[in-house]
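Topology and contacts: notes
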Amino acid sequence: MCQPPAVALSLTLSVLAESPTASAALVVPHSPVGEHTDLAAVREFARHCDVVTFDHEHVPADVLAALEADGIPLHPSPAALVHAQDKLAMRRRLTELGLPCPRWAQARTAQEVEEFAAQVGWPIVVKAPRGGYDGKGVQVCRSLAEVEPWLSGVGEAGLVDGLLLEEAVDFTRELAVMVARSPSGQAAAWPVAQTVQTDGVCTEVLVPAPDLDEDLAVAAVEGALRIAGELGVTGVMAMELFEVAGPSGAGTADGSAGSAYLVNELAMRPHNSGHWTIDGSVTSQFEQHLRAVLDLPLGDPSTRAPWTVMGNVLGGEHPDLYPTYRHLMARDPGLKIHLYGKGVRPGRKLGHVTVFGGDGSAGSLAELRERARHAADYLQGVIDE
Ligand code: ADP
């Protein structure tokens, strides 16, 4: 999705693609096929690049270290990226910086799990520090018996340093802050978004987060910008967070005020919670990422309308979604459809729809949500009219 702004700016992208039919390889002419874990392939690819950036977090540390030693400009740098690759590293650093996090612990043994659960109470949330996405690698556990299978995996892939344990946060909703930061230190932020998850997968994003306390919005954006600055992030960064009511007992940002936030996790790349920016913002996260990693001045992150609603399109029964276009486009000319050229698998994120407009009222937001919901359901084959 970086390709449209790259075309507009006449920048040449290359992608190290996992296969010739990978979504990015279908639209970027120079897309050699290779594994991101294969040092020789990554090195050969990077040799031809002015700047290397990432669209996922899974490039191993030794590969990144070798590129850095070769003098390849990497944005974000491996030192920053580790906080998006490793949730234990992220929790440790954010805690040092005094940013509000759920209570957490690192555990390798049943005794350590018991000790943490005794502090925060069951249930607890168990996470694989590395390699998780879309809720895979996250489990709410109600007893030690449910944690046992995790403990037996300690030392293996994703659990090399043990488990990340967190208190189960009783959040009122989930929010996301997208920011961008350039190597020169210029930074920009989009408004705080509300993300709605269904079965651990984000299904809807509302911008700005409706009825968000202004002080909390400012605190969350300041927190994200501070993280980006302290960690030396370059490019776009997403901070996912939980909104919690009142003092949660978890060491929250602003003590006893009506609501506060806790940081869930970080991503250092264009992120699903920022897809709304393609249609809903003056500068999309993809254009902003290109500007940031090239150290160009950043673009205006203002919204185009009082409300923007993004609905994710997940794989359903139908292998071909094109036949849905005629009905949807006729029904709703303001609807924007984005499909990523991925093969259909049930539950897989295949694309998204965006609508924007309204007058800032709750009623106009409800109408936009209904339009986005209808379109996503129709594309997925959940409804047929
Ligand atoms: P992933 O890296 O797979 O996206 P996350 O850490 O974002 O995993 O967790 C996925 C979802 O699980 C979150 O969006 C949230 O709904 C829930 N979750 C994660 N951590 C906690 C927690 N400490 N307390 C309550 N719910 C949580």
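Residues numbered from 1 in each chain as written. Predicted model: local features only at pLDDT ≥ 70, side-chain atom pairs only at ≥ 80, totals over all residues. Heavy atoms only, no water.

Another point: the UniProt feature "binding site: ATP" (unreviewed entry) in the protein. The positions UniProt marks with the feature "binding site: ATP" (unreviewed entry) are Lys87, Lys127, Glu166, Glu167, Ala168, Val169, Glu174, Asn264 and Glu265. Topologically, lysine 87 is positioned in helix α6 (residues 87–96). In this structure lysine 87 comes out as buried when scored by relative accessible area, which is 11%. Apart from the residues lying within four places of it in its own chain, the contact partners of lysine 87 are Lys127, Ala128, Pro129, Val138, Leu164 and Glu265. Checked against the element boundaries, lysine 127 lands in strand β2 (residues 124–127). On the basis of relative accessible area, lysine 127 is assigned to the buried category, the value being 5%. Sequence-distant contacts of lysine 127, defined by excluding residues within four places in its chain, comprise Lys87, Gly137, Val138, Trp150, Leu163, Leu164, Glu166 and Asn264. (UniProt positions renumbered as here; feature names shortened; annotations may be inferred. Helix = DSSP H or I, 4+ residues; strand = E, 2+ residues; numbered from the N terminus. Buried < 20%, exposed > 50% of the residue type's maximum accessible area, 1.4 Å probe, protein only. Contact = heavy atoms within 4.5 Å.)

The next point concerns the packing of aromatic side chains. Here the structure, examined in full by the defined rule, presents two aromatic pairs. Between phenylalanine 171 and phenylalanine 242 the ring centres are 4.8 Å apart and the planes differ by 5°, which places this aromatic pair in the stacked class. Of this pair, phenylalanine 171 sits in the loop between β4 (163–167) and β5 (173–181) while phenylalanine 242 sits in strand β9 (residues 235–245); the two residues are 71 residues apart in sequence, bridging distant segments of the chain. Their ring planes at 55° and their centres at 5.1 Å tell us that tyrosine 322 and tyrosine 325 sit as a pair that is tilted. (Phe/Tyr/Trp six-rings, centres within 6.5 Å; stacked < 30°, edge-to-face > 60°.)

Okay, the pairing of strand β13 (residues 349–357) next. Taken across its nine residues, β13 has eight buried, putting it largely inside the fold. When strand β11 (residues 307–314) meets β13, the two strands line up antiparallel, connected through eight bridges. Counterpart to threonine 308 in the pairing with β13 is phenylalanine 356. (Pairing = 2+ DSSP bridges.)

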